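Given next are the chains, with one letter for each unit.
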Amino acid sequence: MKPTDLAPLEFWKELLGKLHRLTGLTTLLYDSGNKSLYPPESFANELCKLIMSSPSTSSAICGLAHQVIATMAKKSCQPQVQECDLGMIKMVVPIFKKGEFFGAVGACGLLPEEEGEVDTFLAAKNLGCQEAEIEQLTAGIKILPDDKIEAALEFILRELEGIGAESGK
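Not measured: the values here are computed from a predicted model. The numbers attached to residues start from 1 for each chain and follow its sequence in the written order. Only residues with pLDDT of at least 70 get local features here, since the model is predicted, and only at 80 or more are side-chain atom pairs given and counted; chain-wide, interface and lining totals rely on the full set of residues. No hydrogens and no water enter the side-chain calculation; it runs on all heavy atoms of the structure.

Caption draft 1: Up close: the side chain of Thr-23. In this description a helix means any DSSP run of H or I spanning at least four residues, a strand means any run of E spanning at least two, and both kinds are numbered starting from the N terminus. Looking at the secondary structure, you find Thr-23 in helix α1 (residues 9-23). Under this definition, polar contacts are N or O atom pairs within 3.5 Å; protein pairs additionally need one hydrogen-donor-capable and one acceptor-capable atom, and for neighbouring residues in sequence, both atoms have to be side-chain atoms. At 2.8 Å, the side chain of Thr-23 forms a polar contact with the backbone oxygen of Leu-19.

See below:
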């Protein structure tokens, strides 16, 4: 199953675009097997853009973090907001309809309000470059306040409700 079984791809692209404008996060749509349905249209920062341009690095960093957090979201039937391995926000909102799991809305790439810091060493190691290069890419990464995270979650839940879906069973 996938979210496009519930609403057309245009609906989801519009939802993700609005979510990006609301938060500045990189936004993605995943099917029930945790596969991204199309590449992000906008990125939260240049580091994430670089990571996602490398399939092996994206899989090792983003894919793994998504897998873990998406599993938590699916099992709990609740949105999850955690940090990826690099220390940035990773938000996953599961999509259910009548108890059936269709996938998730994901958003990531900014720093949490409290003690947010990118693990530049891990990023450099995975990308095979110098840590100084990564530090340049991370210099402008913004903090996403908790109230903006809450507003984003409320927005997604309203949109899901509008198509007869929900974030939980």
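Caption draft 2: View of the nonpolar core. In these notes, a set of buried Ala, Val, Leu, Ile, Met, Phe, Trp, Tyr and Cys residues joined through side-chain atoms within 4.5 Å is what counts as a nonpolar core. The buried label applies to any residue whose accessible area, calculated with a 1.4 Å probe on protein chains only, is under 20% of its type's maximum; exposed applies above 50%, and partly exposed to all values in between. Ranked by size, the top nonpolar core spans 47 residues in total, and within it Trp-12, Leu-86, Met-88, Met-91, Ile-95 and Val-105 carry the most contacts. Secondary-structure elements contributing two or more residues to this core are α1, β1 (26-31), α2 (46-52), α3 (55-76), β3 (89-97), β4 (100-108), α4 (120-127) and α6 (146-162). Ranked by residue count, the leading element in this core is α6, at six residues. Once you skip the residues sitting within four places of it in the chain, Val-105 turns out to touch Trp-12, Leu-15, Leu-16, Leu-19, Leu-28, Leu-29, Met-91, Val-92, Val-93, Ile-95 and Ile-156. Here, two residues are considered to be in contact whenever any of their heavy atoms come within 4.5 Å of each other.

Caption draft 3: Representation of the sheet that holds β4 within the structure. Paired strands are those between which DSSP finds at least two bridges. One open sheet accounts for four strands, arranged β1-β4-β3-β2; its pairing is antiparallel. Pairing within the sheet leaves two strands with one partner each, and these edge strands are β1 and β2 (80-83). Strand after strand, the sheet turns through a mean of 20° between neighbouring axes, direction not considered. The pairing of β1 with β4 spans six bridges and is antiparallel. The residue of β4 that forms the bridge with Thr-26 is Cys-108. Fitted lines through C-alpha atoms serve as axes, helices being fitted only where they are in contact, and the angles separating the N-to-C directions of these axes extend from 0 to 180 degrees.

Caption draft 4: Just the packing of α1 against α6, in detail. As a packed pair, α1 and α6 sit with axes 10 Å apart at the nearest point and diverge in direction by 165°. For the element pair α1 / α6, the angle class is roughly antiparallel. Regarding α1 and α6, the two cross each other, and that crossing is right-handed. Each of Phe-11, Trp-12, Leu-15, Lys-18, Leu-19, Leu-22 and Thr-23 in α1 lies in contact with α6, whose residues at this interface are Lys-148, Ala-151, Ala-152, Phe-155, Ile-156, Glu-159 and Leu-160. The class makeup of the residues in the contact of α1 with α6 is 10 nonpolar, one polar and three charged. Here the angle decides the label: under 35 degrees means roughly parallel, over 145 means roughly antiparallel, 65 to 115 means roughly perpendicular, and every other value means oblique. What makes a crossing left-handed is the near helix being turned counterclockwise from the far one by less than a right angle; a clockwise turn instead makes it right-handed. Charged residues are taken to be Asp, Glu, Lys and Arg, nonpolar residues to be Ala, Val, Leu, Ile, Met, Phe, Trp, Tyr, Cys and Pro, and polar residues to be all remaining types, Gly included.

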